[in-house]
Amino acid sequence: MIDPASISNANALLTAQGLRPRKRWGQNFLCDRNVLERIVRAAALQPEDNVLEIGAGLGSLTRSLADSASRVPGCLRRADADDDVQADPCAHDDDRPAHE
């Protein structure tokens, strides 16, 4: 599995899926391993903790959190969702980022 925590891998994953970050949604992708490690340390997660990641993106933070927590479901806004539609992609009971 490709590690999205590098700019080149993140770009490759986005290109392979035919996706581009949407400025109006404020999309940014976390591609700095040092920042990921600082976030995980600051979260001070315990093995029994559950974490819900909103806007899981390519999953780099999700994967890092999953090393410390029991469950880390993530949810994403559907790429094809109308901007005015308030879809609930977080309604998935899964350990992977939610996609529809």
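Residues numbered from 1 in each chain as written. Predicted model: local features only at pLDDT ≥ 70, side-chain atom pairs only at ≥ 80, totals over all residues. Heavy atoms only, no water.

### Some details on helix H2 (residues 33-43)
With a side-chain oxygen positioned 2.9 Å from the backbone nitrogen of Asn34, the residue opening H2 is Asp32. One or two positions beyond H2, positive phi appears at Ala44, with a value near 45°. (Polar contact = N/O pair within 3.5 Å; in protein donor to acceptor, adjacent residues only side chain to side chain. Helix = DSSP H or I, 4+ residues; strand = E, 2+ residues; numbered from the N terminus.)

### Remarks on unusual backbone geometry
Backbone geometry at Ala44 places phi at a positive 45°, although glycine is not the residue there. With respect to the element layout, Ala44 can be found in the loop between H2 and strand E1 (53-54).

### With respect to the nonpolar core
Counting nine residues, the largest nonpolar core is built from Ala5, Leu36, Val40, Leu45, Val51, Leu61, Leu65, Ala69 and Val72. Elements represented by at least two residues in this core include exactly H2 and helix H3 (60-66). Aside from chain neighbours lying at most four places away, what touches Leu61 is Leu30, Leu36, Ile39 and Glu53. (Core = buried A, V, L, I, M, F, W, Y, C linked by side-chain atoms within 4.5 Å. Buried < 20%, exposed > 50% of the residue type's maximum accessible area, 1.4 Å probe, protein only. Contact = heavy atoms within 4.5 Å.)

### Here we look at the confidence of the model for the chain
Parts of the prediction with low pLDDT should not have their coordinates interpreted in detail. In the predicted model, the chain carries a mean pLDDT of 77, and 75% of its residues have values of at least 70. Element-level mean pLDDT values for the chain span from 43 in strand E3 (residues 97-98) up to 93 in H2. Contacts from residues 82-100, a stretch scored under 50 in pLDDT, to residues over four places away or in other chains number 31 contacts. (pLDDT = per-residue confidence, 0-100.)

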